[in-house]
Amino acid sequence: MDTNVLTTKEAIKRLSDKVSSVKIPENLGIKLQELFSQLEINSQNEETFWQNYQTVSKYIDWIISVPWANETKDILDLNYAKEKLNQEHFGLDSIKERLLEYISVLSLQKHRNPDEPIHAPVLLFVGLVGTGKTTMAKSIAQVLGRELVRIPFGGLGDAHYLRGYSKTRPDAEPGQIIKGLVNCKSRNPVILLDEIDRVADDALNTIMGVLVEILDPEQNHHFVDHYLDYPVDLSQVIFCATCNNTSRIATAVMDRLEVIQMPSYTDEEKIVIAKDYLLPKALKSAGLTSSDLQISSDIWPQIVRPLGFDAGVRTLQRNIESMCRKVAKIILEGKTRQVIVDDSNVKTFLPQW
């Protein structure tokens, strides 16, 4: 509806009806009524009224979008968790065991103290690029049946990115924490704080200060975003984080994290990962089948290490995906119905320098 055809009273009622249509904290409802009263006072000057109305309307839209009570139900099934972890990750037995312990504790907390908030430790996955840090964090959300929110920290130079700007600014919006809750429509997602060691130098201290507030169970049950200007309970959120190393992470933040070291993969492990995990996904993504592309077993070491040692599998994944794209083009051009990659042609499908 065009606000220009509304009277000021109708416009205020429209906002009030929006608020009445959702369940929000009682104290927040009182605060919003004060906003409506202020609008009524401003209604004597229509120009001022409509300027304030747009600001208040935007604020109300964010307020009613926050999942104040909506949450997903945890699965907490160890057998299901084992199955999913083994589907997504080869090896890493000690890390899988730690995650199963993690889920076991959550399950006992939930069943024996159903009215108490779950206090899950914040896991920090530390390792080199491509060692599975982000994927492992995603698996936590998957095995619990929770929504996943990923907040990238790489190059982050302003703490307001996390906790928003005051709504007095014309372009103000909530920070990424609140936006994450709004987007996933749940107050208990898994929030992945990705690459927390890669924030900009000039913002390091302020961002670490916000992280302490977010991760500390004594503080995060009343996290205040600058835009909402009202406490939001983050105690039901499961936080996890990743980094390449911990040298730039503040001691106060490290005190609230449990470090999980992600190991580098051996060439033998990479071959298994490539055959059983990466290649099937790449074939499907490229519209191919296992009969379209066959790879001779003796050339896998060249595929795994075409340009030297790499701790992770990200480069290996890219090379396999590139190989599948090349094969798709060859087949579509009608040059052959099947490609067999062996020692005679492997260099055609691998990056060369």
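Refer to the structure presented above.
The residue numbering used here restarts from 1 in each chain and proceeds along that chain's sequence as written. Under the rules for a predicted model, residues below a pLDDT of 70 receive no local features and side-chain atom pairs below 80 are neither given nor counted, while totals for whole chains, interfaces and linings still include all residues. Note: side-chain values were computed over all heavy atoms of the structure, leaving out hydrogens and water.

(A) Quick look at the pattern of salt bridges. The salt bridge criterion pairs a side-chain nitrogen of Lys or Arg with a carboxyl oxygen of Asp or Glu, the two atoms within 4 Å. Tallied over the full model, the rule gives 16 salt bridges. Of the charged contacts, one joins Arg169 and Asp171 as a salt bridge, the two residues approaching to 3.5 Å between their closest N and O atoms. One salt-bridge network, held together by shared partners, links Lys329, Glu333 and Lys335.

(B) View of helix 11 (residues 267-285). Here the bend at a residue means the angle between the axes of two seven-residue stretches, the one that ends at it and the one that starts at it. Comment: elements are numbered from the N terminus, with helices defined as DSSP H or I runs of at least four residues and strands as E runs of at least two. Of all the bends in helix 11, the largest measures some 45° and sits at Ala274. Those residues of helix 11 that are buried are in contact with helix 4 (78-88), strand 8 (293-295), helix 12 (300-304) and helix 13 (314-332). Positive phi shows up at Gly287, right after helix 11, with a value of about 75°. Any two residues having at least one pair of non-hydrogen atoms within 4.5 Å are treated as being in contact.

(C) Seen up close, the nonpolar core. One finds Phe153, Leu193, Ile196 and Phe239 to be the most contacted residues of the largest nonpolar core, which totals 61 residues. Setting aside anything within four residues of it in sequence, one finds Phe239 in contact with Pro121, Val122, Leu123, Ile191, Leu193, Ile214, Leu215, Asn220 and Leu234. By nonpolar core is meant a set of buried Ala, Val, Leu, Ile, Met, Phe, Trp, Tyr and Cys residues that side-chain atoms within 4.5 Å join together. Here's how the labels work: a residue is buried when its accessible area is under 20% of the maximum for its type, exposed when over 50%, partly exposed in between, all with a 1.4 Å probe on protein chains only. Formed by 51 residues, the second largest nonpolar core is a distinct cluster that contains Met136, Ala274, Leu283 and Ile299.

(D) Quick look at the pairing of strand 3 (residues 190-194). With 5 of 5 residues buried, strand 3 is to be regarded as a mostly interior element. Of the two faces of strand 3, the one carrying Val190, Leu192 and Asp194 and the one carrying Ile191 and Leu193 are both buried. Here strand 2 (residues 148-152) pairs with strand 3 via 5 bridges, running parallel. Paired with Leu148 across the two strands is Val190, which belongs to strand 3. For two strands to be treated as a pair, DSSP must find no fewer than two bridges joining them. Here strand 3 runs beside strand 6 (residues 238-243); their pairing, made up of 4 bridges, is parallel. Residue pairing in the sheet places Val190 in a bridge with Ile238 of strand 6.

(E) Main features of the sheet that holds strand 7 (residues 257-261). If you trace the 5 strands from one edge of the open sheet to the other, you get 2-3-6-1-7, paired in parallel fashion. Pairing within the sheet leaves two strands with one partner each, and these edge strands are strand 2 and strand 7. The mean inter-strand angle of the sheet, taken between neighbouring strand axes irrespective of direction, is 20°. Across 4 bridges, the pairing between strand 1 (residues 122-126) and strand 6 is parallel. Bridge assignment links Leu123 to a residue of strand 6, and that residue is Cys240. Fitted lines through C-alpha atoms serve as axes, helices being fitted only where they are in contact, and the angles separating the N-to-C directions of these axes extend from 0 to 180 degrees. Packed on one face of the sheet, helix 5 (residues 93-112) meets strand 1, strand 6 and strand 7 and runs near 170° to strand 1.

(F) Focus on the environment of Gln219. Within the element layout of this structure, Gln219 appears in the loop between helix 9 (204-215) and strand 4 (223-224). When the C-alpha atoms of Gln219 and Leu39 are compared, they prove to be 33 Å apart, with 180 residues separating the residues in sequence. Not counting the four nearest positions on each side in its chain, Gln219 is found in contact with Val212 and Glu213.

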